[in-house]
Amino acid sequence: MRVLGIETSCDDTAAAIYDERLGLVAHKTYSQVIVHQEYGGVVPELAARDHIRKLLPLIKAVLRETGGQPHNIDAVAYTAGPGLVGALLVGAALGRSLAWSWQVPALGIHHMEGHLLAPMLEPNPPAFPFVALLVSGGHTLLADVCGLGRYIVLGESVDDAVGEAFDKVAKLLGLDYPGGPAIAKVAGQGRPGRFRFPRPMTDRPGLDFSFSGLKTHAMNTARSFDLDGQTVSDIARAFQEAAVDTLVLKSRRALEQTGKARLVAAGGVSANTLLQQRLEDMVRQLGAEVYFPRPEFCTDNAAMIAYTGWKRMQSGQTEELAFTVRPRWSIDELPSMQITV
Ligand code: KG4
Ligand code: ZN
């Protein structure tokens, strides 16, 4: 089986082809950063319009790259949520239409399940069960992952997602969008010890997160100083340290609480080098293991959507021709898949 995957939930347009026998055979992502940069964040209407312009050429490109004709595609998987509704509709409408004209099935995929399964595309994929730390621009959550489609949310952010906090603090510091990589870059020049920011919700039990207090603390600090280059770096460093510490502490707690020996970290923020290093140190102390997608599959991509689509097709899932997208969608509402990786 060969699955075409489509991703348009936010500001990346992506297409990929996953082959059951050969694995991932093509993938392409077009980042809309240029479109949104001057606004310091994603403008939903502009995102949807740009997806319309870029999606079909990207699909043609991945088809060309595999030397394939549309008749080689056996199914289409597109991101159906959560995400920006106008952006989701572009991928859903095109994905469904192509599937209809090629007379193959189409499935709407949960974007966060895609992130969760992204490490399965790597040469050394994690075995079930594991704990997943999903950290993106819209979500921060810890899940107990018993098998494919069997996810129990252990904790999530009660306010801002961690990626959103990175983006907002970066904007205030005058750094480029997206804020995560920009903060990570300047934090390297930050001096340790100049500022120490709070680690929110770490002094009480539980696995929920809150990042708006940390964001406000960073913003108040930024307003109290002249924002010269060194101060920007010092604030970025203190913010990144606090955010990473919080994620590592809660991940450790989730591993201990569930007795799991494997951790998967995925989603845009999991590309953060400091986070990866600190998670590796933490799991080593516990005698556990941590798995990440390759950097380009930490952030939004269609490879993870094609793979998840293949798994759901394999488990026998089907959908009617009529489609819907879901801007809000909890990962623990997904049906379990009665198959293995
Ligand atoms: O998963 P993703 O590409 O899109 C969503 O599903 O939201 O995640 C995007 C988020 C943005 O907030 C971006 O600033 C953050 O991931 N991000 C990072 C890094 N790379 C991307 N945050 C921290 N460090 C990074 N290196
Ligand atoms: Zn994402």
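Some thoughts on the site of ligand 1
Among the 19 residues in the neighbourhood of ligand 1, the closest are listed as Gly137, Asp167, Gly180, Gly268 and Asn272. In this structure, His111 approaches ligand 1 through a side-chain N or O atom, which is 3.1 Å from an oxygen atom. The contact in question runs from an oxygen atom of ligand 1 to an N or O atom on the backbone of Gly137, over 2.8 Å. When the free accessible area of ligand 1 is taken as 550 Å², the share hidden by the protein chains comes to 89%. Residue assignment for the shell around ligand 1 shows that the elements contributing at least two residues are α4 (111–117), α5 (162–172) and α6 (179–187). Partitioned by chemical class, the residues of the shell around ligand 1 number 5 nonpolar, 12 polar and 2 charged. Composition of the shell around ligand 1 by domain shows at least three residues from each of domain 1 (2–116 + 297–333) and domain 2 (127–292).

Here's the deal with the packing of aromatic side chains
Considering all chains together, one arrives at 8 aromatic pairs under this definition. Taken together, a centroid distance of 6.0 Å and an interplanar angle of 15° make the contact between Phe209 and Phe211 stacked. The same class applies to Phe209 and to Phe211, which are both buried. Members of the aromatic cluster, joined through ring pairs, are Tyr18, Tyr307 and Trp310. Here the basic side chain of Arg194 rests over the ring of Phe225, its NZ or CZ set 5.3 Å away from the ring centre. Taking NZ or CZ as reference, Lys311 lies 4.2 Å from the ring centre of Trp310, over its face.

Focus: the pairing of strand β1 (residues 2–7)
Of all 6 residues making up β1, 6 are buried, and the element is well covered by its neighbours. The alternating pattern of β1 places Arg2, Leu4 and Ile6 and Val3, Gly5 and Glu7 on opposite faces, both of which are buried. With 6 bridges connecting them, β1 and strand β2 (residues 12–19) associate as antiparallel partners. Across the sheet, the residue bridging to Val3 is Tyr18, located in β2. As consecutive antiparallel partners, β1 and β2 are separated by 4 residues. Across 4 bridges, the pairing between β1 and strand β4 (residues 75–81) is parallel.

Regarding the coordination of the zinc ion (ligand 2)
Taken together, His111 (NE2), His115 (NE2) and Asp300 (OD) make up the protein donors of the zinc ion (ligand 2), found 2.0 to 2.1 Å from the metal. Expressed as a motif, the donor residue spacing for the zinc ion (ligand 2) is H-x3-H-x184-D. With His111 in helix α4 and Asp300 in the loop between α10 (295–298) and α11 (303–314), this pair connects stretches of sequence that are 189 residues apart. What makes Asp300 buried here is its relative accessible area of 13%.

Here we look at α11
Given a rise of 1.5 Å per residue, 12 residues ought to cover 16 Å, and the 17 Å separating the end C-alpha atoms of α11 matches this to within 8%. Here α11 lies mainly inside the structure; 11 of its 12 residues are buried. For α11, the set of buried residues is Ala303, Met304, Ile305, Ala306, Tyr307, Thr308, Gly309, Trp310, Lys311, Arg312 and Met313.

Focus: the layout of surface pockets
Considering only enclosed or pocket space, the second largest pocket measures out at about 210 Å³ in volume. Lining the second largest pocket are 17 residues; nearest its centre among them are Ala80, Gly108, Glu319, Thr324 and Trp329. For the lining of the second largest pocket, the secondary structure elements donating two or more residues are β4 and β5 (106–110). For the lining of the second largest pocket, the element with the highest residue contribution is β5, accounting for 3 residues.

Some remarks on the environment of Phe130
Within the secondary structure, Phe130 is located in strand β6 (residues 130–135). By relative accessible area, Phe130 is classed as buried at 0%. For Phe130 and Gly147, which are 17 residues apart along the polypeptide, the C-alpha to C-alpha distance reads 8.5 Å. The contacts of Phe130, once residues within four sequence positions are left out, are Leu116, Met120, Ala143, Asp144, Val145, Lys260, Arg262 and Val264.

A closer look at the domain arrangement of the chain
Domain parsing of the chain yields domain 1 (2–116 + 297–333) and domain 2 (127–292). The centre of domain 1, based on its C-alpha atoms, is set 27 Å off from the matching centre of domain 2. Between domain 1 and domain 2, the contact holds 18 residues from the first and 21 residues from the second. Between domain 1 and domain 2 the total buried area reaches about 1700 Å² when both faces are included, carbon and sulfur atoms providing 71% of it. Contact with domain 2 buries surface across domain 1, with Met112, Leu116 and Cys298 losing the most and accounting together for 36% of the total. Run the count over domain 1 and domain 2 and you get 0 salt bridges. There are 5 residue pairs in polar contact (both at pLDDT 80 or more) connecting domain 1 and domain 2. If one sorts the elements of the side of domain 1 that touches domain 2 by residue count, α4 sits on top with 4 residues. When the residues that make up the side of domain 1 that touches domain 2 are grouped by side-chain class, the tally is 8 nonpolar, 5 polar and 5 charged.

Rules behind the numbers
- Residues numbered from 1 in each chain as written.
- Chains lettered and ligands numbered in written order.
- Predicted model: local features only at pLDDT ≥ 70, side-chain atom pairs only at ≥ 80, totals over all residues.
- Heavy atoms only, no water.
- Near = heavy atom within 4 Å.
- Polar contact = N/O pair within 3.5 Å; in protein donor to acceptor, adjacent residues only side chain to side chain.
- Areas by Shrake-Rupley, 256 points an atom, 1.4 Å probe, with all protein chains shown as cover.
- Helix = DSSP H or I, 4+ residues; strand = E, 2+ residues; numbered from the N terminus.
- Nonpolar A, V, L, I, M, F, W, Y, C, P; charged D, E, K, R; others polar.
- Domains from an automatic or database assignment.
- Phe/Tyr/Trp six-rings, centres within 6.5 Å; stacked < 30°, edge-to-face > 60°.
- Buried < 20%, exposed > 50% of the residue type's maximum accessible area, 1.4 Å probe, protein only.
- Lys NZ or Arg CZ within 6 Å of the ring centre and 35° of its normal.
- Pairing = 2+ DSSP bridges.
- Donors = N, O, S within 2.8 Å, 3.2 Å for Na, K, Ca; no water.
- Expected span 1.5 Å × (residues − 1).
- 1 Å grid on protein atoms, 1.4 Å probe; cavity = no way out; pocket = protein on both sides within 12 Å on 5 of 7 lines; lining within 4 Å.
- Points joined across faces, edges and corners; volume = space filled by probe spheres on them.
- Contact = heavy atoms within 4.5 Å.
- Buried area = accessible area lost by both parts, 1.4 Å probe.
- Salt bridge = Lys/Arg side-chain N within 4 Å of Asp/Glu carboxyl O.

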